[in-house]
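As a plain string of letters, each chain reads:
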Amino acid sequence: MVDSPSSSCLFCQIVRGDVAALKVFEDETSIAFLDHRPVFPGHCLLIPKAHFETLADLPTNLIGPLFQNAQLLARAVENAMEAHGTFVAMNNRVSQSVPHFHVHVVPRRRKDGLRGFFWPRYPYQDEEAAAAVQSAITAAVNLLER
């Protein structure tokens, strides 16, 4: 949640140049590089240069610039890899291997072996259960907007 670089954070070390990475993009707010364990070749990570752990921690003034760069990177990856599209995703804490906010941009091709998301789906038991979840999330959004 801190915006100052962390000495132990791998991504902060990449931003500082202490750890090598195969950079594909950089501007004043963010940097993108090839994932060292790609789902497919061309899989990139886009990170803010300042240290923030999750999307919720990212300051409002960085959301626009960062996601404009995510859009640019998604187009570039699709074009460069001659892909049919891209998968753009992020994790917040759970399954987040490096606790520094990052956006995955993965080139996709029809019949590439990935099916939807990487995990099973859990449908609502009934309409009442879905409505209860809808109500809980709506209430939480309303509280956060105040």
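Relevant structure appears above.
Model, not experiment: these values are computed from the prediction. (Residues numbered from 1 in each chain as written. Predicted model: local features only at pLDDT ≥ 70, side-chain atom pairs only at ≥ 80, totals over all residues. Heavy atoms only, no water.)

**Q** Is there a simple way to explain helix α2 (residues 60-80) in this structure?
**A** For an α-helix, 3.6 residues make a turn, and residues three or four places apart therefore share a direction. With 21 residues, α2 should reach 30 Å at 1.5 Å per residue; the first-to-last C-alpha distance of 31 Å fits that figure. Of all the residues in α2, the buried ones are Leu62, Leu66, Asn69, Ala70, Leu73, Ala74 and Val77. Viewed along the axis of α2, the buried residues span an arc of 150 degrees, placing them on a single side of the element. Seen from the open side of α2, the exposed residues pointing more than 90 degrees away from its buried face are Gln68, Arg75 and Asn79. Contact partners of the buried residues in α2: β1 (23-26), β2 (30-34), β3 (44-48), β4 (85-89) and β5 (103-108). Of the residues one or two after α2, glutamate 82 is the one with positive phi, at around 50 degrees. (Helix = DSSP H or I, 4+ residues; strand = E, 2+ residues; numbered from the N terminus. Expected span 1.5 Å × (residues − 1). Buried < 20%, exposed > 50% of the residue type's maximum accessible area, 1.4 Å probe, protein only. Arc of directions from axis to C-beta. Contact = heavy atoms within 4.5 Å.)

**Q** Please explain the side chain of aspartate 35 as it appears in this structure.
**A** Take aspartate 35: it is sitting in the loop between β2 and β3. Despite its burial, aspartate 35 pairs with no opposite charge; the closest candidate is arginine 37, at 5.2 Å N-O. Of the polar contacts made by the side chain of aspartate 35, one reaches the backbone nitrogen of arginine 37; its length is 2.7 Å. With residues near it in sequence (within four places) discarded, aspartate 35 still touches His43, Cys44, Leu45 and His104. (Lys, Arg positive; Asp, Glu negative; His and termini not counted. Salt bridge = Lys/Arg side-chain N within 4 Å of Asp/Glu carboxyl O. Polar contact = N/O pair within 3.5 Å; in protein donor to acceptor, adjacent residues only side chain to side chain.)

**Q** I tried to follow the pattern of salt bridges on my own but got confused; where do I start?
**A** Where charged atoms from two side chains of opposite charge come close, those side chains can pair. Within this structure, the stated rule accounts for five salt bridges. With a closest N to O distance of 2.9 Å, arginine 16 and aspartate 18 form a salt bridge. Classification of arginine 16 as partly exposed rests on a relative accessible area of 38%. Residues lysine 23 and glutamate 26 are paired through a salt bridge, measuring 3.6 Å at the closest nitrogen-oxygen approach. Taken together, the shared-partner salt bridges in this structure form one network comprising Lys23, Glu26 and Lys49.

**Q** For this particular structure, what's the right way to read the pairing of β1?
**A** The side chains of a regular strand alternate, residue by residue, between the two faces of the sheet. Of the pairings in the sheet, the one linking β1 to β2 comprises three bridges and is antiparallel in character. Residue pairing for β2: lysine 23 is matched across the bridge by phenylalanine 33. (Pairing = 2+ DSSP bridges.)

**Q** I tried to follow the sheet that holds β5 on my own but got confused; where do I start?
**A** Remark on secondary structure: sheet strands pair via backbone hydrogen bonds, oriented parallel or antiparallel. The strand order β1-β2-β3-β5-β4 describes an open sheet built from five strands, whose pairing is antiparallel. Unpaired on one side and paired on the other, β1 and β4 mark the two borders of the sheet. Mean inter-strand twist for the sheet, computed between neighbouring axes without regard to direction, equals 20 degrees. Relative to the sheet, α2 contacts β1, β2, β3, β4 and β5, its axis offset from that of β3 by approximately 165 degrees. (Axes fitted to C-alpha atoms, helices over the stretch in contact; angles between N-to-C directions.)

In short, the description is geometric, and any link to function would need to be established separately.
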